[in-house]
Amino acid sequence: METVRLEVRLFGQISGHGLETTVNITPGQTLILGSSPKAGSTATLLLTVRADEVDSGGDL
């Protein structure tokens, strides 16, 4: 089965902290990526990614 490799890097402008990961995902699969907060923080970063096939002849 074909897989798509995703490299995800998200960082906050103020804190500079964030989430950085690489995942392999099959088309149609949904993943939830997350980062737990640092001590003293109430923020948690969650990202949902889904690999879908697109027609290369159209606009994204």
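Residues numbered from 1 in each chain as written. Predicted model: local features only at pLDDT ≥ 70, side-chain atom pairs only at ≥ 80, totals over all residues. Heavy atoms only, no water.

**So, the overall build of the protein chain**
Right, on to step 1. Broken down by element type, the protein chain carries 0 helices and 4 strands.
Right, on to step 2. In the protein chain, which comprises 60 residues, the share counted as buried stands at 13%.
Right, on to step 3. Contacts spanning at least 24 positions in sequence make up 23% of the contacts within the protein chain whose residues lie at least 6 apart.
Right, on to step 4. When the accessible surface of the protein chain is totalled, it reaches about 5000 Å², and 49% of it is carbon and sulfur. (Helix = DSSP H or I, 4+ residues; strand = E, 2+ residues; numbered from the N terminus. Buried < 20%, exposed > 50% of the residue type's maximum accessible area, 1.4 Å probe, protein only. Contact = heavy atoms within 4.5 Å. Areas by Shrake-Rupley, 256 points an atom, 1.4 Å probe, with all protein chains shown as cover.)

**Thoughts on the nonpolar core**
Right, on to step 1. Counting 5 residues, the largest nonpolar core is built from Val 8, Leu 19, Val 23, Leu 33 and Val 49.
Right, on to step 2. Filtering out sequence-adjacent residues up to four positions away, Leu 33 remains in contact with Val 8, Leu 19, Thr 21, Val 23, Leu 45, Leu 46, Leu 47 and Val 49. (Core = buried A, V, L, I, M, F, W, Y, C linked by side-chain atoms within 4.5 Å.)

**Some remarks on the confidence of the model for the protein chain**
Right, on to step 1. When pLDDT is averaged along the protein chain, the result is 77, and 88% of the positions lie at 70 or above.
Right, on to step 2. By mean pLDDT, strand E1 (residues 4–11) is the weakest element of the protein chain at 79, and strand E3 (residues 30–35) is the strongest at 82. (pLDDT = per-residue confidence, 0-100.)

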